[in-house]
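# Reading the structure
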Amino acid sequence: MPREASTADTRQGYPAAVSRAAASGWGGAMCHFWNFTAGHLPPAGGKDYAARIIIVIIPYYSKCGGKGKEQNARPAQLAGGGKQVAFVERMGYNGSYNPDRIEDMPMRPDGTRVKNLPPIVAAIPYIMPKRYDAQNSITENIDEEVLKAYIREKRRGGIRINHMAVIIAAYYKAVQTNPKLNYFVMNSRIYKRNHFCVSFVILKKLADGSPDETTLKIFLEPQDTVFTIQQKIADAVDANSRTEQKNSTDKFARFMFSVPGLPKFVVWLAYHLDKHGLLPRKIIDLSPFHTSMFITNLASIKTSYIHHHCYEFGTTSVFVCMGKPVPNYMSGDLTKKMMPLGIVMDERICTGYEYASFCSDFRKYIRQPELLEMPFDGSAAPETAAGETTETPVSV
């Protein structure tokens with residue numbers, strides 16, 4: 001409930017700006033962050049720094065409507081239009097309502113907390129609070145001959161498509177029937193992500209010919225097909241592959257490292273804001289570490305696969321690494337090839353049975369990639385446009 005700001009707040013060290021903010025409904029969240037930050041910064045200047053951080057954050061929550069109700073409002077509540085609706089539609093967020101919201105506390109913009117979990121499932125994130133504690137890995141070998149035959153067939157029809165698009169499409173299609181693969185864990189709590197996105201790294205050359213890497217992220221929707229996913233990948237690569245092109249992530253990183261001492265503080269602040277659900281939505285959209293799946297294509301640089309860790313920072317629950325094709329020793333026919341995938345998973349987001357069910361569906365779509373040509377939500381397929389795209393050069 002909103003309360004009156006008192007002079008006792010100022011006497012206890014709260015600056016006037018925070019005392020005034022506390023008079024509004026969302027002031028409690030800021031004061032909570034004040035106490036948390038003051039307890040984690042050096043004692044001599046902790047509250048000083050906390051005050052500055054809070055005063056910077058206050059305008060953001062004022063602009064977003066303060067309480068964050070619109071971020072997880074029911075579709076009927078968003079029907080009136082406005083910036084929130086425009087953002088939800090543009091980014092593919094479903095605007096799902098979160099019944100577990102705490103009044104006057106801002107909600108995570110990228111997911112809603114999962115409740116009514118079995119006790120052991122709810123306890124596991126507390127037993128293994130770090131993502132690197134809960135990593136399981138597997139090597140999945142897919143039939144390279146099937147993929148090559150499908151890609152060649154489409155190219156003969158004037159449609160260029162690559163391995164990464166097929167693998168991402170098969171993964172996303174399997175997630176439709178196994179939605180827990182799009183869950184993530186933050187601060188020992190399990191969340192259901194309200195969108196699906198994929199991060200990957202592309203390799204490009206600088207003006208002097210030396211290689212450079214940049215991270216990209218695309219958002220997928222249930223209406224997508226393998227063709228629209230290919231187009232989204234191609235558009236993202238084309239927009240960022242030019243020598244002089246720097247995306248928002250690159251520009252922010254360059255600015256951050258230009259100021260001594262700033263990187264450590266910015267990462268520390270972002271980590272703790274994210275941990276408590278206070279990281280702004282625009283930063284989450286900018287961050288490649290807040291993603292449903294991170295994929296890297298080492299086959300494009302003729303390198304074997306690896307089991308890449310899931311990042312502790314962010315919300316990545318699955319990391320997939322494509323390796324260069326090798327002789328299919330599992331079938332016994334060494335004239336045929338298979339592509340190994342190194343997959344690392346966060347075991348806390350679902351049970352082993354649910355992972356096994358997902359893998360079964362994923363293998364089915366890889367063996368029958370023509371099933372990926374229909375929209376994943378079962379709607380009518382749009383007309384397919386031929387596009388000239390090439391294998392995306394991607395590395396770790």
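Reading guide: rules and limits
- Residues numbered from 1 in each chain as written.
- Predicted model: local features only at pLDDT ≥ 70, side-chain atom pairs only at ≥ 80, totals over all residues.
- Heavy atoms only, no water.
- Helix = DSSP H or I, 4+ residues; strand = E, 2+ residues; numbered from the N terminus.
- Buried < 20%, exposed > 50% of the residue type's maximum accessible area, 1.4 Å probe, protein only.
- Contact = heavy atoms within 4.5 Å.
- Areas by Shrake-Rupley, 256 points an atom, 1.4 Å probe, with all protein chains shown as cover.
- Expected span 1.5 Å × (residues − 1).
- Pairing = 2+ DSSP bridges.
- Axes fitted to C-alpha atoms, helices over the stretch in contact; angles between N-to-C directions.
- Phe/Tyr/Trp six-rings, centres within 6.5 Å; stacked < 30°, edge-to-face > 60°.
- Disulfide = S-S within 2.5 Å.
- Core = buried A, V, L, I, M, F, W, Y, C linked by side-chain atoms within 4.5 Å.
- Parallel < 35°, antiparallel > 145°, perpendicular 65-115°, else oblique.
- Left-handed = near helix turned anticlockwise from the far one by under 90°.
- Nonpolar A, V, L, I, M, F, W, Y, C, P; charged D, E, K, R; others polar.

### Remarks on the overall build of the chain
Across its full length, the chain carries 14 helices and 10 strands. Burial status across the chain gives 48% buried among its 396 residues. Partitioning the intrachain contacts of the chain with sequence separation of at least 6 by distance along the chain shows that 70% fall at a separation of at least 24. Accessible area for the chain stands at about 19400 Å²; split by element, carbon and sulfur atoms hold 57% of it.

### Quick notes on unusual backbone geometry
A positive phi angle, close to 60°, is found at Asn-116, a residue other than glycine. Looking at the secondary structure, you find Asn-116 in the loop between strand S1 (111-113) and helix H7 (119-127). Positive phi, close to 55°, is recorded for Asn-187, a residue that is not glycine. What makes Asn-187 partly exposed here is its relative accessible area of 25%.

### Digging into helix H12 (residues 262-275)
For H12, which comprises 14 residues, the first-to-last C-alpha distance of 20 Å matches the rise-based estimate of 20 Å (1.5 Å per residue) to within 8%. Backbone geometry just downstream of H12 places Gly-277 in the positive-phi region, at approximately 75°.

### So, the sheet that holds S1
Pairing is antiparallel across the open sheet formed by 3 strands, whose spatial order is S1-S4-S3. Since the sheet does not close on itself, it has two edges, and those belong to S1 and strand S3 (183-186), each with one partner. Ignoring strand direction, the axes of neighbouring strands in this sheet form an average angle of 40°. Bridging between S3 and strand S4 (residues 189-193) involves 4 bridges; their strand directions are antiparallel. Of the residues in S4, the one forming a bridge with Met-186 is Arg-189.

### Details of the packing of aromatic side chains
Across all of its chains, the model carries 12 aromatic pairs by this definition. An aromatic cluster of three or more residues is present, and its members are Tyr-171, Tyr-172, Phe-196, Phe-358, Phe-362 and Phe-376.

### Overview of the state of the cysteines
This model, assessed by the stated rule, comprises 0 disulfides. Considering cysteine sulfurs only, Cys-359 is the nearest to Cys-350, which forms no disulfide, with 9.3 Å between them. Assessed through its relative accessible area of 7%, Cys-350 is described here as buried.

### Brief notes about the nonpolar core
Residues Ile-167, Ile-168, Tyr-171, Phe-200, Ile-233, Ile-295 and Phe-362 are the most contacted members of the largest nonpolar core, which totals 56 residues. Here the element with the most residues in this core is helix H9 (residues 163-177); it accounts for 11 residues. In contact with Phe-362, not counting residues within four places along its chain, are Ile-142, Ile-167, Ala-170, Tyr-171, Ala-174 and Leu-341.

### What about the pairing of strand S6 (residues 211-220)?
Burial analysis of S6 places 7 of its 10 residues in the buried class, which makes it a mostly covered element. In the sheet, strand S5 (residues 196-205) pairs with S6 via 10 bridges, with the strands oriented antiparallel. Bridge pairing in S6 links Ile-202 to Thr-214.

### A word on the packing of H9 against helix H14 (residues 352-367)
Packing of H9 against H14 leaves a shortest axis separation of 8 Å and a crossing angle of 135°. With respect to their mutual orientation, H9 and H14 come out oblique. Here H9 runs over H14; the crossing is right-handed. On H14, the residues that touch Val-166, Ile-167, Ala-170, Tyr-171, Lys-173, Ala-174, Val-175 and Thr-177 of H9 are Phe-358, Asp-361, Phe-362, Tyr-365 and Ile-366. Residue composition of the contact of H9 with H14, grouped by class: 10 nonpolar, 1 polar and 2 charged.

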